[in-house]
Amino acid sequence: MPKSLLMISRQAPWSGPSAREALDIVLAGGAFDLPIGLLFLDDGVFQLAAKQDAKALQQKDLSANLQALPMFGVEELFVCADSAAERGLDPTGLALEETRALSADEITALIDRYDQVITL
Amino acid sequence: MSTLHVLSHSPFGDDRLTSCLRVIGANDGLLLSGDAAHALQPGTAPFNALSSRSLKLFVLAEDAQARALAVPDWVQAIDYPAFVELSIHYDKVNSWL
Amino acid sequence: MAAVLLTESVMKFAIALFSAAHAPSSRRALLFAQAALAGGHEIVRLFFYQDGVYNASGSVVTPQDEQDLPKQWRAFVAEHQLDGVVCIAAALRRGVLNEEEAKRYQREAVAVGAPWELSGLGQLHDAVQDADRLICFGGA
């Protein structure tokens, strides 16, 4: 049984390479058919905000990478409901449809479920 | 399953401690390392937040000592061999990078 | 009274480092790694990602009155013959190139060589699968 890995992504999309480098770990894991989960927490929820325009900052648009997640077999996608609400984001109107909004207690249980976790 | 959460950022002007405390489980542990040790500054909001929870709390002894922070009796000061032991005692380690 | 021998099982650690050599968390990572081996455990891999790649750089010049982490890491890996892997994508972005990559991209400086190996994120996942514990250091 392969060990499962939860990636907790906490950084906004263009605050340095963290958001992209967290996603790279997830995509690599998916490519190797490993059980990977991805939780967007704190400013990480901004990666899911709709109608972003990365080109305005000459930055890479990560939404293509995000949309590719299910194709890489990464379907365990979560967003912290509190983080989204605090940041004025509606968890149901996010750019990545497949994410499940979780409460704090559900996140506690989520972390418990995985064998390993990386919080970036 | 139990998790050892590890913090290394100052709790002042950073939301990692707050976020960690929201999701930390009843069986989990929390290790303060580096500037996160400043959470043990008495009379502060982080100090009060930690002292009001019944959590297993640890601090790297070197970090408390360097900052002249008294270690309250509800926190255990540890060295690196003990850090290794803790990482084994808990099922996994979650460092808030 | 008979002596009781307490044997603790040997644990396999994967240690990932995300911060630069001058960051306090990098020193903590090294001290943890040393304590893990001193405690009789194994380190299946050291994986440097994000700014952690700078710990493998031979170009870093540390002030005389500070701890030379790249030098200490190199000595540690060499002494214990550990598997020290630097993520190639993270390294390229940060200018930590080995001879092969410097040639490929026609860059002047070769910053990393043995005992460090430039490789992909697959090596991190491999280590996570192999190890009993994954410990990450970084941030501050």
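Above this note sits the structure.
Residues numbered from 1 in each chain as written. Chains lettered and ligands numbered in written order. Predicted model: local features only at pLDDT ≥ 70, side-chain atom pairs only at ≥ 80, totals over all residues.

Each side of the interface is counted separately: chain A has 13 residues, and chain C has 13 residues. Across the side of chain A that touches chain C, the residue classes tally to 8 nonpolar, 2 polar and 3 charged. (Contact = placed C-beta atoms within 7 Å. Nonpolar A, V, L, I, M, F, W, Y, C, P; charged D, E, K, R; others polar.)

All names here are of chain C. In space, the 5 strands of this open sheet follow the order β4-β3-β2-β1-β5, with parallel pairing throughout. Because the sheet does not close on itself, it has two edges, and the strands there are β4 (117-119) and β5 (133-137). With strand direction ignored, the average angle separating the axes of adjacent strands in the sheet is 25°. As paired strands, strand β1 (residues 12-17) and β5 are joined by 5 bridges and run parallel to one another. Bridging across to β5, isoleucine 15 finds its partner in isoleucine 135. Against the sheet, helix α1 (residues 24-38) contacts β1, β2 (42-48) and β5, and its axis sits at roughly 170° relative to β1. Here helix α5 (residues 122-130) sits on the sheet and contacts β1, β2, β3 (84-87), β4 and β5; the angle it forms with β2, its principal contact strand, is near 155°. (Pairing = 2+ DSSP bridges. Helix = DSSP H or I, 4+ residues; strand = E, 2+ residues; numbered from the N terminus. Axes fitted to C-alpha atoms, helices over the stretch in contact; angles between N-to-C directions.)

This brings us to the packing of α1(C) against helix α2 (residues 69-80) of chain C. Helix-helix packing is described using two parameters, namely the angle between the two axes and the distance between the axes. All names here are of chain C. Viewed as axis vectors pointing N to C, α1 and α2 meet at an angle of 20°, and their least axial separation amounts to 11 Å. Judged by the angle between their axes, α1 and α2 are roughly parallel. Regarding α1 and α2, the two cross each other, and that crossing is left-handed. For the pair α1 and α2, the contacting residues are Ser26, Arg27, Leu30, Ala33, Gln34 and Leu37 in the first and Leu69, Gln72, Trp73, Phe76 and His80 in the second. (Parallel < 35°, antiparallel > 145°, perpendicular 65-115°, else oblique. Left-handed = near helix turned anticlockwise from the far one by under 90°.)

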